[in-house]
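So the chains spell out like this:
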Amino acid sequence: MPNRLDALLMEIADLLRVGGHERWAVTFDRFRAQALADMVGAKVDILGVYGAAGSFNDIVLHREGHALLEENERLNAAREELWRLCRSSS
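Nothing here was measured: the structure is a model prediction, and the numbers come from that model. (Residues numbered from 1 in each chain as written. Predicted model: local features only at pLDDT ≥ 70, side-chain atom pairs only at ≥ 80, totals over all residues. Heavy atoms only, no water.)

Caption draft 1: Molecular detail of the nonpolar core. Counting 24 residues, the largest nonpolar core has L16, F28, F56 and L82 as its most contacted members. Put simply, the parts of the chain that give this core at least two residues each are α1 (3-18), α2 (22-37), α3 (39-47) and α4 (69-87). Broken down by element, this core gets its largest block of residues, 7 residues, from α1. (Core = buried A, V, L, I, M, F, W, Y, C linked by side-chain atoms within 4.5 Å. Buried < 20%, exposed > 50% of the residue type's maximum accessible area, 1.4 Å probe, protein only. Helix = DSSP H or I, 4+ residues; strand = E, 2+ residues; numbered from the N terminus.)

Listed below in structure tokens is the structure:
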């Protein structure tokens, strides 16, 4: 698996856990495992969680009623890079 994809998926899962989104974190853990066996399928599945109401795009990290500003900035950057990486043919 390309190292950058794995690193992004791990970073996103970690950030989701910090922000209390364990179910989403587990989803990204599964994408990491899937990418080992089927990179193309993993990319398709990852792209499928973007868009529509209640999607990965809508997640805001927070703790005790307060948005986690730095973590949200990191998540947004990782989310955008992951989108670009999965859309590429490499």
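Caption draft 2: Region of the structure containing the pattern of salt bridges. Applying the stated rule across the entire model yields 5 salt bridges. Here E81 makes a salt bridge to R4, at a shortest N to O gap of 2.7 Å. Residue E81 is located in helix α4, and its partner R4 is located in helix α1; the two are separated by 77 residues in the primary sequence. Of the residues examined, E81 reaches a relative accessible area of 26% and is grouped as partly exposed. When its relative accessible area of 39% is taken as the criterion, R4 is described as partly exposed. Here D6 ties to R32 by a salt bridge, and the two come within 2.7 Å at their closest N and O atoms. A residue pair is termed long-range when its members are at least 10 positions apart, and D6 in helix α1 and R32 in helix α2 qualify at 26 residues. (Salt bridge = Lys/Arg side-chain N within 4 Å of Asp/Glu carboxyl O.)

Caption draft 3: Structural view of α3. Residues of α3 that are buried include every one of M39, G41, A42, K43 and I46, and no others. In this structure, the buried side of α3 is in contact with α1, α2 and α4. (Contact = heavy atoms within 4.5 Å.)

Caption draft 4: Looking closely at the packing of aromatic side chains. Counted under the stated rule, the structure contains 6 aromatic pairs. Ring centres 6.4 Å apart and planes at 35° place the aromatic pair W24 and F28 in the tilted group. Of this pair, W24 and F28 both sit in helix α2, separated by 4 residues, roughly a single helical turn. Note on W24: relative accessible area 21%, which makes it partly exposed. Judged by relative accessible area, which is 0%, F28 ranks as buried. (Phe/Tyr/Trp six-rings, centres within 6.5 Å; stacked < 30°, edge-to-face > 60°.)

Caption draft 5: Structural view of the packing of α1 against α2. Following both chains from N to C, one finds α1 and α2 inclined at 165°, their axes separated by 8 Å at the closest point. Here α1 lies roughly antiparallel to α2, going by the angle between them. As for the relative orientation of α1 and α2, their crossing is left-handed in sense. Taken together, the residues of α2 that come into contact with α1 (itself represented by L5, D6, L9, M10, I12, A13, L16 and R17) are E22, W24, A25, V26, F28, D29, F31, R32 and A35. The class makeup of the residues in the contact of α1 with α2 is 12 nonpolar, no polar and 5 charged. (Axes fitted to C-alpha atoms, helices over the stretch in contact; angles between N-to-C directions. Parallel < 35°, antiparallel > 145°, perpendicular 65-115°, else oblique. Left-handed = near helix turned anticlockwise from the far one by under 90°. Nonpolar A, V, L, I, M, F, W, Y, C, P; charged D, E, K, R; others polar.)

Caption draft 6: Spotlight on the side chain of R79. Within the secondary structure, R79 sits in helix α4. For the buried residue R79, which engages in no salt bridge, the nearest side chain bearing the opposite charge is E80, 6.8 Å off. (Lys, Arg positive; Asp, Glu negative; His and termini not counted.)

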